[in-house]
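Below, each chain spelled out in residue letters.
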Amino acid sequence: MSAVDGYDFDNGPALRAIAMPADTNPNGDIFGGWLLAQMDLAGGTVAVRRSHGRVATVGIEAMTFHKPVFVGDEVSCFARIEKVGRTSLRVRIETWVRRERSGSDPIKVTEGVFTYVAIGEDRKPREVPPE
């Protein structure tokens, strides 16, 4: 299956990674902090592209973990800009996995809304240019 809920797994993720043993928690599942970091990287990539420059993460809301991620899972983070403000961007990020060993369809494992602020060379907020 190449598309789920409008996400194109072969052409559309903002980030794709393989979950590795070094990313596990003491229970052997992938550490939630690692997954959150992947989502932040994916959202930041989309925010940088839209704002035409540097951004900083200023907030994460509505973070929900639906299913665990396991070693060897192919992790795909999909990001959509929900809102562009004067200096900020609100990005919805969904993370899906393909469990190669079981050959299952993609599974949504987490989602969240991240807020980024465009920053200038002086490291202060700057306006996001019009599209």
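Residues numbered from 1 in each chain as written. Predicted model: local features only at pLDDT ≥ 70, side-chain atom pairs only at ≥ 80, totals over all residues. Heavy atoms only, no water.

With an unreviewed UniProt entry as reference, the protein chain is termed Acyl-CoA thioester hydrolase, source organism Azospirillum thiophilum. According to the UniProt record, the Sequence similarities (unreviewed entry) comment for the protein chain is "Belongs to the acyl coenzyme A hydrolase family." (UniProt positions renumbered as here; feature names shortened; annotations may be inferred.)

Asks: I'd like a rundown of the sheet that holds strand β4 (residues 55–65), residues and numbers included.
Replies: Spatial strand order, β3-β5-β6-β7-β4: five strands in an open sheet with antiparallel pairing. Looking at which strands have only one partner, the edges of the open sheet turn out to be β3 (15–18) and β4. Ignoring strand direction, the axes of neighbouring strands in this sheet form an average angle of 25°. Here β3 pairs with strand β5 (residues 74–84) via four bridges, running antiparallel. When the bridges of β5 are listed, isoleucine 18 appears paired with glutamate 74. Those strands touched by helix α1 (residues 32–51) are β3, β4, β5, β6 (88–98) and β7 (107–118), and its axis lies near 50° from that of β7. (Pairing = 2+ DSSP bridges. Helix = DSSP H or I, 4+ residues; strand = E, 2+ residues; numbered from the N terminus. Axes fitted to C-alpha atoms, helices over the stretch in contact; angles between N-to-C directions. Contact = heavy atoms within 4.5 Å.)

Asks: If you had to explain the environment of valine 91 to someone new, which residues and values would you point to?
Replies: In this fold, valine 91 is placed in strand β6. For valine 91, a relative accessible area of 0% translates into the label buried. Sequence separation between valine 91 and alanine 62 is 29 residues, and the spatial gap between their C-alpha atoms is 12 Å. Ignoring any residue separated from it by four or fewer positions in sequence, one finds valine 91 in contact with Gly43, Ala79, Arg80, Ile81, Glu82, Gly112, Val113, Phe114 and Tyr116. (Buried < 20%, exposed > 50% of the residue type's maximum accessible area, 1.4 Å probe, protein only.)

Asks: Break down α1 for me, with residues and values.
Replies: Taking 1.5 Å of rise per residue, 20 residues should cover 28 Å, and α1 covers 28 Å from first to last C-alpha, within 8% of that figure. Those residues of α1 that fall on the buried side of the exposure criterion are Trp34, Leu35, Gln38, Met39, Ala42, Gly43, Gly44, Val46, Ala47, Arg50 and Ser51. At its buried positions, α1 is contacted by β3, β4, β5, β6 and β7. The first or second residue beyond α1 is histidine 52, which carries a positive phi of 60°. (Expected span 1.5 Å × (residues − 1).)

Asks: Please provide a residue-by-residue account of the packing of aromatic side chains, values included.
Replies: Counting across every chain of the model gives one aromatic pair. With centroids separated by 6.4 Å and ring planes inclined at 15°, the aromatic side chains of phenylalanine 114 and tyrosine 116 adopt a geometry described as stacked. (Phe/Tyr/Trp six-rings, centres within 6.5 Å; stacked < 30°, edge-to-face > 60°.)

Asks: Lay out the side chain of glutamate 111 with the relevant residues and their values.
Replies: In this fold, glutamate 111 is placed in strand β7. Here histidine 66 takes part through its side chain, which lies 2.7 Å from a polar atom of the side chain of glutamate 111. Setting aside chain neighbours within four positions, we find glutamate 111 in contact with Met39, Ala62, Met63, Thr64, His66, Arg92, Ile93 and Glu94. (Polar contact = N/O pair within 3.5 Å; in protein donor to acceptor, adjacent residues only side chain to side chain.)

Asks: Could you give me a rundown of unusual backbone geometry, with the residues and numbers involved?
Replies: Here the phi dihedral of histidine 52 falls at roughly 60°; this positive angle occurs in a residue that is not glycine. Of the residues examined, histidine 52 reaches a relative accessible area of 60% and is grouped as exposed. One non-glycine residue, alanine 62, adopts positive backbone phi at about 55°. Mapped onto the fold, alanine 62 is located in strand β4.

Asks: An account of the side chain of arginine 99 is requested, with residue identities and associated values reported.
Replies: Looking at the secondary structure, you find arginine 99 in the loop between β6 and β7. The residues contacting arginine 99, other than those within four sequence positions of it, are Lys67, Pro68, Val69, Phe70, Asp73, Ser104, Ile107 and Val109.

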